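Close look at the chain arrangement
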Amino acid sequence: MILTVFRSRLTEAAGEDYTGRVMELKELAKDNPGFVDIKTYTADDGERLTAVRWRDKDTLRDWSRNVRHLEAKRLAREKWYQYFEIEVAEIFRTNSFGDKNTALSTVGQDF
């Protein structure tokens, strides 16, 4: 498995065109063979972190060549981001505890 960590800070110019493109790219990625999942978090200071998992290097490489993704990368540099940093790592070990899906479905329930 491959993990891509994307840290960024948006510019004030990142408006509805940015939001629309992000939603489009998430759907395209989900339909791409080898996509596992994506999570995005925003820190109190506005820095954003997106973690995307892919089945393997080949499927990540295929995604990196997607035309809409390439267009978004160009706009990211020109307009949407003050900065960004991308790290790509190969997952060689995973540990887990419990059932993530069950835990998520019980959040907020009174026991």
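To be clear, the structure that these remarks concern was listed above.
Residues numbered from 1 in each chain as written. Predicted model: local features only at pLDDT ≥ 70, side-chain atom pairs only at ≥ 80, totals over all residues. Heavy atoms only, no water.

1. Notes on helix α3 (residues 67-80)
All of the buried residues in α3 are His69, Ala72, Leu75, Ala76 and Trp80. Of the surrounding secondary structure, the elements contacted by the buried residues of α3 are β1 (2-10), α1 (16-31), α2 (57-64) and β4 (81-90). (Buried < 20%, exposed > 50% of the residue type's maximum accessible area, 1.4 Å probe, protein only. Helix = DSSP H or I, 4+ residues; strand = E, 2+ residues; numbered from the N terminus. Contact = heavy atoms within 4.5 Å.)

2. A word on α2
Those residues of α2 lying buried are Thr59, Leu60 and Trp63. Looking straight down α2, one finds that the buried residues subtend no more than 100 degrees of arc, so they occupy a single side. Those residues of α2 that are buried lie in contact with β1, α1, β3 (48-54), α3 and β4. Where α2 begins, the side chain of aspartate 56 points an oxygen toward the backbone nitrogen of aspartate 58, at a separation of 3.2 Å. (Arc of directions from axis to C-beta. Polar contact = N/O pair within 3.5 Å; in protein donor to acceptor, adjacent residues only side chain to side chain.)

3. As for the packing of α1 against α3
At their nearest, the axes of α1 and α3 sit 11 Å apart, and the two run at 150 degrees to each other. Viewed along their axes, α1 and α3 adopt a mutual orientation that is roughly antiparallel. Here the hand of the crossing between α1 and α3 comes out left-handed. Within the contact between the two elements, α1 uses Asp17, Tyr18, Arg21, Glu24, Leu25 and Leu28 and α3 uses Arg68, His69, Glu71, Ala72, Leu75, Lys79 and Trp80. Residues of the contact of α1 with α3, tallied by class, amount to six nonpolar, one polar and six charged. (Axes fitted to C-alpha atoms, helices over the stretch in contact; angles between N-to-C directions. Parallel < 35°, antiparallel > 145°, perpendicular 65-115°, else oblique. Left-handed = near helix turned anticlockwise from the far one by under 90°. Nonpolar A, V, L, I, M, F, W, Y, C, P; charged D, E, K, R; others polar.)

4. Focus on the sheet that holds β3
Within the open sheet, the four strands sit side by side as β2-β3-β1-β4. Their pairing is antiparallel. Looking along the sheet, the strands with just one partner apiece sit at the ends: β2 (35-42) and β4. Direction aside, the axes of adjacent strands within the sheet are offset by 15 degrees on average. Bridge analysis of β1 against β3 gives seven bridges, and the strand direction is antiparallel. Note on β3: the bridge partner recorded for arginine 7 is leucine 49. Sitting on the sheet, α1 is in contact with β1, β2, β3 and β4, with an inclination near 155 degrees to β2. (Pairing = 2+ DSSP bridges.)

5. Let's talk about the nonpolar core
Counting 16 residues, the largest nonpolar core has Tyr18, Ala29, Phe35, Trp54, Trp63, Trp80 and Tyr81 as the members making the most contacts within it. Put simply, the parts of the chain that give this core at least two residues each are β1, α1, β3, α2 and α3. Among the elements that make up this core, the one with the highest residue count is α3 (four residues). In contact with phenylalanine 35, not counting residues within four places along its chain, are Ala29, Lys30, Val52, Arg53 and Trp54. (Core = buried A, V, L, I, M, F, W, Y, C linked by side-chain atoms within 4.5 Å.)

6. Description of the packing of aromatic side chains
Summed over the entire model, instances satisfying the criterion amount to seven aromatic pairs. For the ring pair phenylalanine 6 and tyrosine 81, a centre distance of 5.4 Å and an interplane angle of 80 degrees mean the geometry is edge-to-face. Here phenylalanine 6 is found in strand β1, whereas its partner tyrosine 81 is found in strand β4, with 75 residues between them in sequence. Judged by relative accessible area, which is 13%, tyrosine 81 ranks as buried. (Phe/Tyr/Trp six-rings, centres within 6.5 Å; stacked < 30°, edge-to-face > 60°.)

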